[in-house]
Amino acid sequence: MTSTTEILRETAARLLASGAVEMVIGFRQGTIPMMNEPCFVRKPAEAGLLVWDSHCGINLANYVTDRKEKKIGIVAKGCDSRNLVTHILENKIRREQLVVIGVPCRGMADKRKIAMKCPGEILRVHETETAITAEGEGFTRTFEKADVLQHNCSLCTHRNPVIHDELAGEPVEEQQGVDRYADVRAVEAMSPEQRWKYFEDLLAPCIRCYACRNACPLCYCPTCFVDESRPQWVGKGQDPVDVRTFHFLRAYHCAGRCTDCGACERACPVGINMRLFTKKLEKDCLELFGWEAGLSLEVRPALDHYRPNDPNDFIR
Amino acid sequence: MGIEPGRLQFSWISSAESTKFVTVAAQVTEAVRALGPNTRFIKPLAEVA
């Protein structure tokens, strides 16, 4: 058990006991290793369920959309807190409803990277500050945490929560000099033909399960465009054109809002890196409008705001 | 996303700028015709017996 877990349990129990919140949204141990699951704690006695380790990757902002409770405690990493800010700006929750229990984050482990390096099924996982040990039938493997981070976490420059009412632990040092967009630049450098082919290969395994959409805190539309049938905007089968339309349109719906929390890629059962699309839009937003999503409650989002010096070279 | 440059174009035309609309429409048509038929984002219709 890490001390963050203890602080979270203590904080949750205190907030619930004093009536400061009606429930706390956090993580509990999953039924299989490296798969912690969201958990809604409503009684102080249940606060002991909460855990914190390198497998709390799910973005909890997804669970506060349109909630009616007057006060909700929510555990938030850097990216979760940015999505909470986005939620507040988009009127999906009010700031007064939230008691944000911020957790300075050192990155979440990529369960696929760990599983790939183990010879069998992983039955137990434990970790220290810098290392993760996976055990299974007849094997024990220890990894440097830095080597098995999720790709988006290894590029993260906002590890500390941007809003918080409580803080579970000391703020961590932010990563400096990270080249966030090397992969996007590589795609940008391709010719249109190469790019078409590249995306065709990237999306070929997609089974249209919509796990990426469901895991995404931005995807809260009551009826998603892919589920509409009157009119039916996009075919529902595995046709490559429909698959591509789904992924591109979903990405564009996230333009200027995505915080690169990695929820989509983590949820994907076939391991598609659809973050490449949202990251391209994130890069454009940063370069053209100097905008990074979810950093402040004071500034209106790039696509919600007009400035006379907005770039418009593409319009003739 | 792999669409040829020039196939997608943007313009800002007020409802009062009818001549600009005509000019731009003509230019876009000409530019796209020069690119030839579109091959991307096309879904073959299902064969019906």
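Look a little higher up for the structure.
Every value quoted in this text rests on a predicted model; they were computed, and no experiment measured them.

**Considerations on the state of the cysteines**
By definition, a disulfide links the sulfur atoms of two cysteine residues through a covalent bond.
Here's step 1: Summed over the entire model, instances satisfying the criterion amount to 0 disulfides over all chains.
Here's step 2: Summary of cysteine pairing: cysteine 209 of chain A is not part of a disulfide, and the nearest cysteine sulfur, belonging to cysteine 268 of chain A, is at 6.2 Å.

**A closer look at the packing of aromatic side chains**
Here's step 1: One pass over the structure, following the stated rule, counts 9 aromatic pairs over all chains.
Here's step 2: Between the aromatic rings of phenylalanine 40 of chain A and tyrosine 63 of chain A, the centroid separation amounts to 6.2 Å while the plane-to-plane angle is 85°, which identifies the pairing as edge-to-face. One end of the pair, phenylalanine 40 of chain A, is in strand β2 (residues 37-41); the other, tyrosine 63 of chain A, is in the loop between β2 and β3 (72-76), and 23 residues separate them in sequence.
Here's step 3: The class of tyrosine 63 of chain A is partly exposed, set by a relative accessible area of 29%.
Here's step 4: Centroid distance phenylalanine 199 of chain A to phenylalanine 248 of chain A: 5.6 Å. Interplanar angle 80°. Geometry classified as edge-to-face. Taken together, the residues phenylalanine 199 of chain A in helix α6 (residues 192-203) and phenylalanine 248 of chain A in helix α8 (residues 240-253) connect sequence positions 49 residues apart.
Here's step 5: Linked through ring pairs, Trp196, Tyr198, Phe199, Phe248 and Phe277 of chain A together with Phe41 of chain B together constitute an aromatic cluster.

**Focus: the packing of α6 of chain A against α8 of chain A**
All names here are of chain A.
Here's step 1: The geometry of α6 relative to α8 is characterised by a closest axis approach of 10 Å and an angle of 95° between their N-to-C directions. One finds that α6 runs roughly perpendicular with respect to α8. Contacts between α6 and α8 involve Trp196, Phe199, Glu200 and Leu203 from the former and Val243, Arg244, His247 and Phe248 from the latter.
Here's step 2: Class assignment of the residues belonging to the contact of α6 with α8 gives a composition of 5 nonpolar, 1 polar and 2 charged.

**Here we look at the environment of proline 269 of chain A**
All names here are of chain A.
Here's step 1: Mapped onto the fold, proline 269 is located in the loop between α9 (263-267) and α10 (275-289).
Here's step 2: Sequence separation between proline 269 and alanine 211 is 58 residues; the distance between their C-alpha atoms is 7.8 Å.
Here's step 3: Setting aside its immediate chain neighbours within four residues, proline 269 contacts Arg112, Ile207, Cys209 and Ala211.

**Some words on helix α2 (residues 78-89) of chain A**
Residue and element names in this part refer to chain A.
Here's step 1: The terminal C-alpha atoms of α2 lie 17 Å apart, and with 12 residues this matches the ideal 16 Å at 1.5 Å per residue to within 8%.
Here's step 2: Of all the 12 residues making up α2, 12 are buried; the element is thus mostly covered by neighbouring parts of the structure.
Here's step 3: Those residues of α2 hidden inside the fold are in contact with β3 and β4 (98-102).

What counts, and where the lines are drawn
Residues numbered from 1 in each chain as written. Chains lettered and ligands numbered in written order. Predicted model: local features only at pLDDT ≥ 70, side-chain atom pairs only at ≥ 80, totals over all residues. Heavy atoms only, no water. Disulfide = S-S within 2.5 Å. Phe/Tyr/Trp six-rings, centres within 6.5 Å; stacked < 30°, edge-to-face > 60°. Helix = DSSP H or I, 4+ residues; strand = E, 2+ residues; numbered from the N terminus. Buried < 20%, exposed > 50% of the residue type's maximum accessible area, 1.4 Å probe, protein only. Axes fitted to C-alpha atoms, helices over the stretch in contact; angles between N-to-C directions. Parallel < 35°, antiparallel > 145°, perpendicular 65-115°, else oblique. Contact = heavy atoms within 4.5 Å. Nonpolar A, V, L, I, M, F, W, Y, C, P; charged D, E, K, R; others polar. Expected span 1.5 Å × (residues − 1).

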